[in-house]
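Examining the three-dimensional arrangement
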Amino acid sequence: MASVVRFRSVVLDCPDPYALAEFYAAVAGGRPQAADDDWVVLQVPDGPRLAFQRAEGYAPPEWPRADSNGQQFHLDFDAGPTWEELDAAHERVLALGARPLDLEDREQKDFQVYADPAGHPFCLCRIEKP
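Let me sum up the structure you'll find in this document. This structure is a prediction, so every number in the text was calculated from the model and none was measured.

Thoughts on the overall build of the chain
Looking only at helices and strands, one finds 3 helices and 8 strands in the chain. Its C-alpha atoms give the chain a radius of gyration of 15 Å, within 12% of the compact-globule value 14 Å for 130 residues. With the principal axes as the frame, the chain shows a C-alpha extent of 40 × 35 × 35 Å. Residue burial in the chain is summarised as follows: out of 130 residues, 36% are buried. When the accessible area of the chain is evaluated, it comes to approximately 8100 Å², of which 50% is carbon and sulfur surface. Taking the average location of the 12 positive side-chain charges in the chain and that of its 23 negative ones, the two points are 5 Å from each other.

Pasting the structure below:
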């Protein structure tokens, strides 16, 4: 079946678009491009286009919740096939300002959950076969 449209961007609301774009550029690569103070785009090399828009009164999702303030989506990042690679990525995202949300049972789940500096959940995943 032919698609109706082409995928453009994943857009994240946040209080400071450039700061959050810088965080994800450090995590996944690319260089933030600011259209203005309210809109910044990051083209991840060999990946998606992420955009960040200023949202006045922004309140981060609370994880894990399924009610009116639950997460609406999250980003998954391939940290590599080994636990050593995931541990190295863990240290780097913490140094960049991420905060752990769920580090339990990683051997059973093959992922760990974090919040970015604006509170959006994201996962570092151990991917044996991409």
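Things to note about helix α2 (residues 83-96)
Compared with the 20 Å implied by 1.5 Å per residue over 14 residues, the 20 Å span of α2 between its first and last C-alpha is a close match. Buried within α2 we find Trp83, Leu86, Ala89, His90 and Val93. Considered in projection along α2, the buried side chains sweep an arc of 115 degrees and stay on one side of the axis. Exposed residues on α2 whose side chains face more than 90 degrees from its buried face are Glu84, Glu91, Arg92 and Ala95. Buried-residue contacts for α2 involve α1 (17-28), β5 (75-80), α3 (106-109), β7 (111-115) and β8 (121-126). Gly97 sits one or two residues past α2 and shows a positive phi near 115 degrees.

Analysis parameters
Residues numbered from 1 in each chain as written. Predicted model: local features only at pLDDT ≥ 70, side-chain atom pairs only at ≥ 80, totals over all residues. Heavy atoms only, no water. Helix = DSSP H or I, 4+ residues; strand = E, 2+ residues; numbered from the N terminus. Rg over C-alpha atoms; globule rule 2.2 N^0.38 Å. Buried < 20%, exposed > 50% of the residue type's maximum accessible area, 1.4 Å probe, protein only. Areas by Shrake-Rupley, 256 points an atom, 1.4 Å probe, with all protein chains shown as cover. Lys, Arg positive; Asp, Glu negative; His and termini not counted. Charge placed at Lys NZ, Arg CZ, Asp CG, Glu CD. Expected span 1.5 Å × (residues − 1). Arc of directions from axis to C-beta. Contact = heavy atoms within 4.5 Å.

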